[in-house]
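# Structural overview
Single-letter residue listing:
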Amino acid sequence: MASFSFAINGIRTAIMAERNMRIHLVSSVIVICCSIFFSISTIEWLIILLVIGGIFALELVNSAIERVVDLVTEEYLSLAKQAKDLAAGAVFIYAIVSIVIGIVIFLPYMLTILSR
């Protein structure tokens, strides 16, 4: 049970301290509401949930890497900057892929409503 408590505390810390995590959270709520509104298929739900889970997981890893780097050194080091930039780049790539997936899933539903 302690492991679950630590994990929940980590998620809570990220939501409270990380602006990007709050952006992902709000975006995820909007996507879930759209998914309900459009009554997307089971497969589409699974894809959406995987994408949402993936972005949260990557953002948590990114935040952990940033904190570890900050803990190790306060001075500017090229490798420290690279570590932070690489982790941020991973989140950025996944966010772009997530947007493309969202467009592929939701655009047909939107076009159907607009064509009525």
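To keep things clear, this report deals only with the structure shown in the data block. Given the structure is predicted, the values throughout are model-derived calculations rather than measurements.

### A look at the packing of helix H2 (residues 19-38) against helix H3 (residues 42-72)
Where H2 contacts H3, the two axes come as close as 10 Å, and the packing angle between them is 175°. Considering their axes alone, H2 and H3 lie roughly antiparallel with respect to each other. Across the interface between the two elements, Asn20, Met21, His24, Leu25, Ser28, Val31, Ile32, Ser35 and Ile36 of H2 pack against Trp45, Ile48, Ile52, Ile55, Phe56, Glu59 and Leu60 of H3. Split by residue class, the contact of H2 with H3 holds 11 nonpolar, 4 polar and 1 charged.

### Description of the nonpolar core
In terms of nonpolar packing, the biggest core is built from 6 residues, these being Phe38, Ile40, Ile48, Ile52, Ile105 and Phe106. Mapped by element, the contributors of at least two residues to this core are H3 and helix H4 (78-114). The residues touching Phe106, leaving out its near neighbours within four places in the chain, are Val31, Cys34, Ser35, Phe38, Ile40 and Ile48.

### Focus: the packing of aromatic side chains
The final tally for this structure, using the stated rule, is 3 aromatic pairs. Taken together, a centroid distance of 5.0 Å and an interplanar angle of 75° make the contact between Phe37 and Phe38 edge-to-face. Exposure remark for Phe38: the relative accessible area of 13% places this residue in the buried category. Members of the aromatic cluster, connected to one another through ring pairs, are Phe37, Phe38, Phe106 and Tyr109.

### Observations concerning the pattern of salt bridges
Any two side chains of opposite charge can pair if their charged atoms end up close together. For the structure on display, the rule yields 3 salt bridges. A salt bridge links Lys84 to Asp70, with the nearest nitrogen and oxygen atoms 2.5 Å apart. Placement of Lys84 in helix H4 and of Asp70 in helix H3 is noted, with a sequence separation of 14 residues between them.

### Points about the environment of Ala14
In this fold, Ala14 is placed in helix H1 (residues 2-17). Exposure remark for Ala14: the relative accessible area of 6% places this residue in the buried category. In this structure the C-alpha to C-alpha distance between Ala14 and Cys34, which are 20 residues apart in sequence, comes to 25 Å. Excluding residues that lie within four positions of it along the chain, Ala14 makes contacts with Met21 and Leu60.

### Details of the side chain of Ser35
Along the chain, the position of Ser35 falls in helix H2. Residue class for Ser35 comes out buried when judged on its relative accessible area of 0%. If sequence neighbours within four positions are ignored, Ser35 has contacts with Ile40, Trp45, Ile48 and Phe106.

Parameters at a glance
Residues numbered from 1 in each chain as written. Predicted model: local features only at pLDDT ≥ 70, side-chain atom pairs only at ≥ 80, totals over all residues. Heavy atoms only, no water. Axes fitted to C-alpha atoms, helices over the stretch in contact; angles between N-to-C directions. Helix = DSSP H or I, 4+ residues; strand = E, 2+ residues; numbered from the N terminus. Parallel < 35°, antiparallel > 145°, perpendicular 65-115°, else oblique. Contact = heavy atoms within 4.5 Å. Nonpolar A, V, L, I, M, F, W, Y, C, P; charged D, E, K, R; others polar. Core = buried A, V, L, I, M, F, W, Y, C linked by side-chain atoms within 4.5 Å. Buried < 20%, exposed > 50% of the residue type's maximum accessible area, 1.4 Å probe, protein only. Phe/Tyr/Trp six-rings, centres within 6.5 Å; stacked < 30°, edge-to-face > 60°. Salt bridge = Lys/Arg side-chain N within 4 Å of Asp/Glu carboxyl O.

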